[in-house]
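Fold and geometry: a report
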Amino acid sequence: MMQKGTPAYNLILPVGTQVVARVEVKTSTGKLVCLRGAVGAIVKSPTDNSHAYQIQLTDGSTVNLRRHEFSIRKHYQNEGLQTSEAVLNDYNLYNAVIYRCIVGSRAYGLDNEASDIDRRGIYLPPATLHWSLYGIPEQLENAATQECYWELQKFLILALKANPNVLECLYTPLVETATSIATELLQIRAIFLSQLVYQTYNSYVLSQFKKMEQDLRSKGEIRWKHAMHLIRLLLSGITVLKEGFVPVQVEDYRSQLLAIRHQEMSWDAVNEWRLQLHQTFDRAFANTKLPERPNYEKANAFLIEARRSMAAAEP
């Protein structure tokens, strides 16, 4: 079994590929004909990797190198600039989580005994890591524990784009962790609400219902839980435009939504409800008092201040 981090040399590289020698080559008399680190181009490829490649060097001479004796030039230049696992392993980035909340069915009030606990949130990485060559992951994800934490800037950008999952993080009543920085964000969460909700929510529902109609025709079945959440999303979007907040708990519509999930409502009835909600959404959009765009300036100012506070906290 190939060990993690071992390069795969299965593919035959084509003629013309620029490479860098990883070994020096000498003649039988000891004359150096190829420096370690020399640049060349493949002029003849073997039929398999048990044989050598013929590589022409910059001076016009040729050498024969096996696949493990050279690197593709682009890959060679990038070595050391890729995110280093060793560097990241020095940090437990889960310790940098500043906001942790529960979303999904349990937050909506649509859960049952088998429902997972979906945790989402934000992490603010150490400044020294953020400023380093190695960079930081945009999100931390653990499928086994149903957790996902976005890096602060990524979270803010998604919120400014009216991403439903991210907006719900800001309005869920089930908050487990909130540092002072996260609390400040919750206090200004209204800056992310804008008329973009109408386009984002509507377009997602339209595309997903189209896919479900295709599934119904081709497979004769759909994901009823998904249909339930799409209707819930329209109900949420309407409230955002009308009242200026993101409703997470859906107790007023719980019985109807669960009827969809349990297939107690026909597809035709679900689709008819969807169309009615689209019309209500249209009217809410026409009369909303929300701004056309979110407040990018305040979001940017918050991000800068948050990063400054992280840098100031480091030794």
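The preceding data block contains the structure.
The notes below deal with the structure included here.

What follows covers the overall build of the protein. Counting its secondary structure elements, the protein contains twelve helices and twelve strands. A compact globule built from 315 residues should have a C-alpha radius of gyration of about 20 Å, whereas the protein, at 28 Å, is more than 25% larger. Here the protein holds 315 residues, and 41% of them are scored as buried. Partitioning the intrachain contacts of the protein with sequence separation of at least 6 by distance along the chain shows that 67% fall at a separation of at least 24.

Here the focus is the sheet that holds strand S10 (residues 139-142). Read across the sheet, five strands follow the order S10-S11-S9-S8-S12 without closing on themselves; strand pairing throughout is mixed. Whereas interior strands pair on both sides, the edge strands pair on one side only; in this sheet they are S10 and strand S12 (175-178). Ignoring strand direction, the axes of neighbouring strands in this sheet form an average angle of 15 degrees. Where helix H7 (residues 180-187) meets the sheet, it contacts strand S8 (97-103), strand S9 (118-123) and S12, and its direction lies at approximately 55 degrees from that of S8.

What follows is about the nonpolar core. Residues Phe155, Leu167, Phe192, Ile231 and Ile260 are the most contacted members of the largest nonpolar core, which totals 67 residues. In terms of residue count, helix H9 (residues 224-243) provides more of this core than any other element does, eleven residues in total. Among residues more than four places away in sequence, those in contact with Ile260 are Trp224, Ala227, Met228, Ile231, Met265, Val270 and Trp273. Of all hydrophobic cores here, the second largest spans 14 residues; its members include Val19, Ala38, Tyr53 and Phe70.

This paragraph deals with the sheet that holds strand S5 (residues 53-57). Spatially, the five strands line up as an open sheet ordered S6-S5-S4-S1-S7, and their pairing is antiparallel. Of all the strands in the sheet, just strand S6 (62-65) and strand S7 (70-72) have a single pairing partner and so form its edges. Each adjacent strand pair in this sheet contributes to an overall mean axis angle of 45 degrees, direction not counted.

Another point: the layout of surface pockets. Its volume calculated, the largest pocket comes out at about 650 Å³. If you list the elements that add at least two residues to the lining of the largest pocket, you get helix H3 (105-108), S9, helix H6 (164-171), helix H8 (196-218) and H9. Per-element accounting of the lining of the largest pocket gives the leading share, six residues, to H9. Its residues placed into classes, the lining of the largest pocket shows eight nonpolar, nine polar and seven charged. Quantified by volume, the second largest pocket comes out at close to 330 Å³.

Side chains that differ in sign of charge can pair as their charged atoms come close. Applying the stated rule across the entire model yields seven salt bridges. Arg119 is paired through a salt bridge with Glu176; the nearest N and O atoms lie 2.7 Å apart. Residue Arg119 is located in strand S9, and its partner Glu176 is located in strand S12; the two are separated by 57 residues in the primary sequence. A relative accessible area of 23% means that Arg119 is categorised as partly exposed. One salt bridge connects Lys154 with Glu138, and the closest N-O pair in it is separated by 3.6 Å. Of the two residues, Lys154 sits in helix H5 (residues 152-160) while Glu138 sits in the loop between helix H4 (127-130) and S10, which places them 16 residues apart along the sequence.

Attention now moves to H8. Between the first and last C-alpha of H8 there are 33 Å, a value that for 23 residues agrees with the 33 Å anticipated at 1.5 Å per step. Turning to H8, its buried residues number three or more, namely Leu196, Val197, Tyr198, Tyr201, Asn202, Val205, Gln208, Phe209 and Met212. Buried residues belonging to H8 abut H5, H6, H9, helix H11 (267-287) and helix H12 (296-313). Trailing H8 by a residue or two, Gly220 shows a phi angle of about 80 degrees, which is positive.

Moving on to the packing of H8 against H11. The contact between H8 and H11 brings their axes to 12 Å, and the two run at 165 degrees. When the interaxial angle is binned, H8 and H11 end up roughly antiparallel. Our pair here, H8 against H11, has a crossing hand that is left-handed. Contacts between H8 and H11 involve Val197, Tyr198, Gln199, Tyr201, Asn202, Val205, Leu206, Phe209, Met212, Glu213 and Leu216 from the first element and Trp267, Val270, Asn271, Arg274, His278, Phe281, Asp282 and Phe285 from the second. Its residues assigned to classes, the contact of H8 with H11 comprises twelve nonpolar, four polar and three charged.

Under the counting rule described, the total for this entry stands at seven aromatic pairs. A centroid spacing of 6.0 Å and a plane angle of 55 degrees characterise the contact between Trp150 and Phe155, whose relative ring orientation is tilted. The exposure class of Trp150 is buried, given its relative accessible area of 9%. With a centroid separation of 5.2 Å and an interplanar angle of 80 degrees, the aromatic rings of Tyr198 and Phe281 are classed as edge-to-face. Taken together, the residues Tyr198 in helix H8 and Phe281 in helix H11 connect sequence positions 83 residues apart.

Turning our eyes to something else, we now look at the environment of Met265. Tracing the sequence through the fold places Met265 in the loop between helix H10 (254-261) and H11. Sequence separation of Met265 and Trp224 is 41 residues, and the distance between their C-alpha atoms is 9.8 Å. If sequence neighbours within four positions are ignored, Met265 has contacts with Trp224, Gln256, Ala259, Ile260, Val270 and Trp273.

Rules of the game
- Residues numbered from 1 in each chain as written.
- Predicted model: local features only at pLDDT ≥ 70, side-chain atom pairs only at ≥ 80, totals over all residues.
- Heavy atoms only, no water.
- Helix = DSSP H or I, 4+ residues; strand = E, 2+ residues; numbered from the N terminus.
- Rg over C-alpha atoms; globule rule 2.2 N^0.38 Å.
- Buried < 20%, exposed > 50% of the residue type's maximum accessible area, 1.4 Å probe, protein only.
- Contact = heavy atoms within 4.5 Å.
- Pairing = 2+ DSSP bridges.
- Axes fitted to C-alpha atoms, helices over the stretch in contact; angles between N-to-C directions.
- Core = buried A, V, L, I, M, F, W, Y, C linked by side-chain atoms within 4.5 Å.
- 1 Å grid on protein atoms, 1.4 Å probe; cavity = no way out; pocket = protein on both sides within 12 Å on 5 of 7 lines; lining within 4 Å.
- Points joined across faces, edges and corners; volume = space filled by probe spheres on them.
- Nonpolar A, V, L, I, M, F, W, Y, C, P; charged D, E, K, R; others polar.
- Salt bridge = Lys/Arg side-chain N within 4 Å of Asp/Glu carboxyl O.
- Expected span 1.5 Å × (residues − 1).
- Parallel < 35°, antiparallel > 145°, perpendicular 65-115°, else oblique.
- Left-handed = near helix turned anticlockwise from the far one by under 90°.
- Phe/Tyr/Trp six-rings, centres within 6.5 Å; stacked < 30°, edge-to-face > 60°.

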